[in-house]
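Each chain, written out:
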Amino acid sequence: MSELPDKKPIDQVGENQVVSKPTGAQTSILHLVYTFGKHLSKVAIVYLFGYFNISPAWLLGPLVLSVLREEWKKEKQLKRNIAKAAALSNEKDVILARVDDLPAWVFFPDIERAEWVNRILSQVWPNVNHYAKDIIKDKIEPAVQESLLMYNMKGFSFQKMRLGSIPPRVGGVKVYDKHIARDEIIMDLDIFYAGDCDISFTLSGLSGGIKDFQIHGMVRIVLKPLIRTMPLIGGLQIYFLNNPTMDFNLVGVADLLDMPGLSDMLRRIIVEQVSAMMVLPNKLSIVLSNDVSTHNLKFPEPQGVLRVHLIEAKELMKKDISMLGKGKSDPYAIITLGAESYRTKTIDNTVDPKWDYWCEFLLESTKGELVRTLIFDKDKTGKDEPLGRASVEVFGVSEKGQTDAWVTLEEAKTGMVHVRMSWLELSDNIEDLKTAIAETQMLRVTTMSTAVLMVYVDSASHLPRSGGKSGNAPPDPVFHISVGKVTKQSPIIYRTEHPVFEKEFTFLVNNPETDTMHIKFTDTKTQTEIGKLSYNLSNLLDKPGLELQHQPLQLKTSVPDSKVQLSLRLRVLRHPGGTIKDEDEISLYKGEINPSPQLSRGASIKKQDSISALKKQDSVSTISTKSEDNLPDTFKSSEESQIMTSPSPAMETVHRRQPSTTSSVGDSSLGKIQLTLRYSVQRQRLIILVHKIGNLPLKDPSNIPDPYVKLYLLPERSKDSKRKTETVKDNCNPVYDETFEYVMSQGELSTRQLEVTVLTQKTWKSPVMGQVIINLAELDLSTAVTAWYDLQPETLKEKDQ
């Protein structure tokens, strides 16, 4: 038998290049030399430490860090390999394998639809490679360069950018068919990319690279406007609803940075730049037809503003260690929506913090948007521990106009947050401005806005030349635009005195009667100012429709002809259905309770003093029978119900300590309980709002009950499903308005029951006063269901008091 020739292992480098690897003998010799050198260096280091009498800590420190770094890299590499294997698998298998991680709205028809999208992506991916290369070089690179300058790192530039052959995967597709305009198509895609990209860069003269880049997030694609000529779609708007999760592996010399802390810094910079490009409210806009102007596509009007008031939290987990064991926490909160986030102050040594924090978010669409509140315990070592999170759907707030509720924290053993939210729509009526200003003055919050300013900077012309060896080179212009304390930056346009930006900006304005917009142009080569403009927003108040369309405004420069072409649009914030218009209504704002849908600062801050007292009144007895039959709006605040009757202070104690005289006491004469139930398909949450209890029986006038409500999910009735309201002292008609949530799939609703039990805490045993079992399969929870339920005698024994 003839011997087969030895085959040398090969490694494919390019499309037509093949490089031979070293033979077995060469590999053995090189490995021997490398091993000998490594052991020799270890012995030399130990010898030098002993020779110079250096402390062993200097040897152990780097050794421990090296071991930790290697373990961290192994864990990260394992996750990347799993993700890459999933990216190479069959589309349907990948989607079904990740079904627990997919959005709640993804069903099997969407999976079939996602397969078609994945096939299309695989076809167009080579062309996307070229487009993405231009974006990375022209937009990402300058932004990363500027961010790295803050850390004294210079000379960053991309050298090679290949996204590889593995396209992104779409895990689910949702196309909206309700509450949209006729000339648009809106769809959300669950995008997951774990490809074989190969990106190299230089930093301060050193070469490095990025491999195994992964990204996962929810992408919204808006096809708008729909036109009657080919290609039937005028343009695209593409953006992430929230910051996507990213991971990557640093190679080459940059591998020295790939350790906790330093790599996190680089990762944070990349995430910030992606957010600045295409995380809401930032969008990537693409014009597809010459019949559609860039101005119309990139200058849309927002849908409204969401005003958030994070009041307080209670019963948070205890993270700090004291001499007696677990002590308290130092909580702070981060409120996020899209790319925007706000942080409250830290309240030390408490599990019941009161923040009284206000913030606002500008939204172009409420569909699929969530406001997330993340609670953390501030740690002096810098490693802050999570205390839970809460999420609220923006669409529900915009439909109702306002909400006021206690929300149970997820991923936490205990804890609730008290959040008020108000939806503000945009108006071009100048008469609404006076009311908006009066409201912010009453709230005494200087950060609140009264209007929205939209700016579209089309281009600039005849900018002065500067810099260069000849002293007369065209500039590399960039401009900064600011309103109030907010400043935003345009992209850099290279080597031109007539730059075209086509860039839109949106600002929340505190008071358009006094605020000013400032624009400053700078040559990035020389860092010199080459033009500026100041525009008083009060000038817009006299314009038709509060707009200034396609106007060339003179710049203050050394060249007389320098101008900037821009459009301005001002919109006033107002509450849906009207605003406060006269002094009598404004004076009501100054009280402890706010009768209108708008948020009241006084009512929130002094909740424990005044609102809690009103909540303990006999609200059922004071509301007429007609009002009781007409159920209140979903998640309506108890303060609104109380203000309908306006009982005198002298009557408060009487109502609080006397049973109701209303005849509606339920079939078993045990009273009634009012609940709101709703299922959130997107968040996969069963949401229960316990409003109040009416007409609890009073057998002994000297022994008025202290009622509270306990919830369980049946049939297993586990401790994990236990929820409990606060206890209201001495009351037959308590008001709670507390919200609870259960994580469950939509299919589980048909097999679940909700057990609602009313108990009194007068004795250590907490006897049951009444109970109701609600069969969730019998309710249509696609919309909120508010109803009164008659309390019945106990059917299941209360085991866990």
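In this text the structure is predicted, and so the values were computed from the model without any measurement.

Conventions adopted
- Residues numbered from 1 in each chain as written.
- Predicted model: local features only at pLDDT ≥ 70, side-chain atom pairs only at ≥ 80, totals over all residues.
- Heavy atoms only, no water.
- Helix = DSSP H or I, 4+ residues; strand = E, 2+ residues; numbered from the N terminus.
- Buried < 20%, exposed > 50% of the residue type's maximum accessible area, 1.4 Å probe, protein only.
- Pairing = 2+ DSSP bridges.
- Axes fitted to C-alpha atoms, helices over the stretch in contact; angles between N-to-C directions.
- Contact = heavy atoms within 4.5 Å.
- Patch = residues over 30% accessible without salt bridge, like charges linked within 9 Å, V, L, I, M, F, W, Y side chains within 5 Å.
- Areas by Shrake-Rupley, 256 points an atom, 1.4 Å probe, with all protein chains shown as cover.
- Salt bridge = Lys/Arg side-chain N within 4 Å of Asp/Glu carboxyl O.
- pLDDT = per-residue confidence, 0-100.

Asks: Which residues make up unusual backbone geometry, and what values do they have?
Replies: Cis geometry is found at the peptide bond from K224 to P225, where omega equals -5°. Topologically, P225 is positioned in the loop between β7 (206-223) and β8 (235-240). Here the residue pair M230 and P231 is connected by a cis peptide bond, since its omega of 10° sits within 30 degrees of zero. With respect to the element layout, P231 can be found in the loop between β7 and β8. Of note in this structure, N349 is not a glycine but carries a positive phi near 55°. Look at D730: it is not a glycine, yet its phi comes out positive at around 50°. A relative accessible area of 18% places D730 in the buried class.

Asks: So, the sheet that holds strand β22 (residues 477-483): which residues are in play, and what are the values?
Replies: Overall, antiparallel pairing links the four strands, which are arranged β23-β22-β25-β26 in an open sheet. The sheet is open, and its two borders are formed by β23 (486-489) and β26 (528-536), each paired with just one other strand. Neighbouring strand axes in the sheet, compared pairwise and without regard to direction, differ in orientation by 15° on average. Of the pairings in the sheet, the one linking β22 to β23 comprises four bridges and is antiparallel in character.

Asks: For the sheet that holds strand β18 (residues 385-393), give the residues involved together with the corresponding values.
Replies: Taking strand neighbours across the sheet as the criterion, the four strands line up as β15-β14-β17-β18 in an open arrangement whose pairing is antiparallel. Pairing within the sheet leaves two strands with one partner each, and these edge strands are β15 (340-343) and β18. Along the sheet, successive strands turn relative to each other by an average axial angle of 20°, direction set aside. In this structure, strand β17 (residues 370-377) lies alongside β18, joined through eight bridges in antiparallel fashion. Of the residues in β18, the one forming a bridge with L374 is R389.

Asks: Any details on the environment of V452? Residues and values, ideally.
Replies: Take V452: it is sitting in strand β21 (residues 451-461). Residue classification places V452 among the buried residues on the basis of a relative accessible area of 0%. Separated by 57 residues in sequence, V452 and V509 have C-alpha atoms that sit 5.6 Å apart. Aside from chain neighbours lying at most four places away, what touches V452 is V305, L362, L426, T506, F507, L508, V509, R569, L570, R571 and L573.

Asks: Break down a nonpolar patch on the surface for me, with residues and values.
Replies: Together, I120, V124 and V128 give the surface a local cluster of nonpolar side chains, amounting to about 220 Å² of exposed area. Note that V124 resides in helix α4 (residues 108-149). Given a relative accessible area of 34%, V124 falls into the partly exposed group.

Asks: Could you give me a rundown of the confidence of the model for the chain, with the residues and numbers involved?
Replies: Taken residue by residue, the chain gives an average pLDDT of 75. The fraction at 70 or more is 72%. In this model, residues 94-110 is a region of pLDDT below 50 whose contacts with residues beyond four sequence positions or in other chains number 35 contacts. Segment residues 579-663: pLDDT under 50, and 158 contacts once partners within four positions in sequence are set aside and those in other chains are kept.

Asks: Give a detailed account of the pairing of strand β20 (residues 416-427), specifying residues and quantitative values.
Replies: Counting buried positions along β20 gives eleven out of twelve residues, so the element sits mostly inside the fold. Sheet analysis places strand β11 (residues 304-314) next to β20, joined by nine bridges and oriented antiparallel. Residue pairing for β20: A313 is matched across the bridge by V417. Here strand β19 (residues 402-408) pairs with β20 via seven bridges, running antiparallel. Bridge pairing in β20 places A405 opposite V419. Pairing between β20 and strand β28 (residues 563-574): three bridges, direction antiparallel. Across the sheet, the residue bridging to L426 is L573, located in β28.

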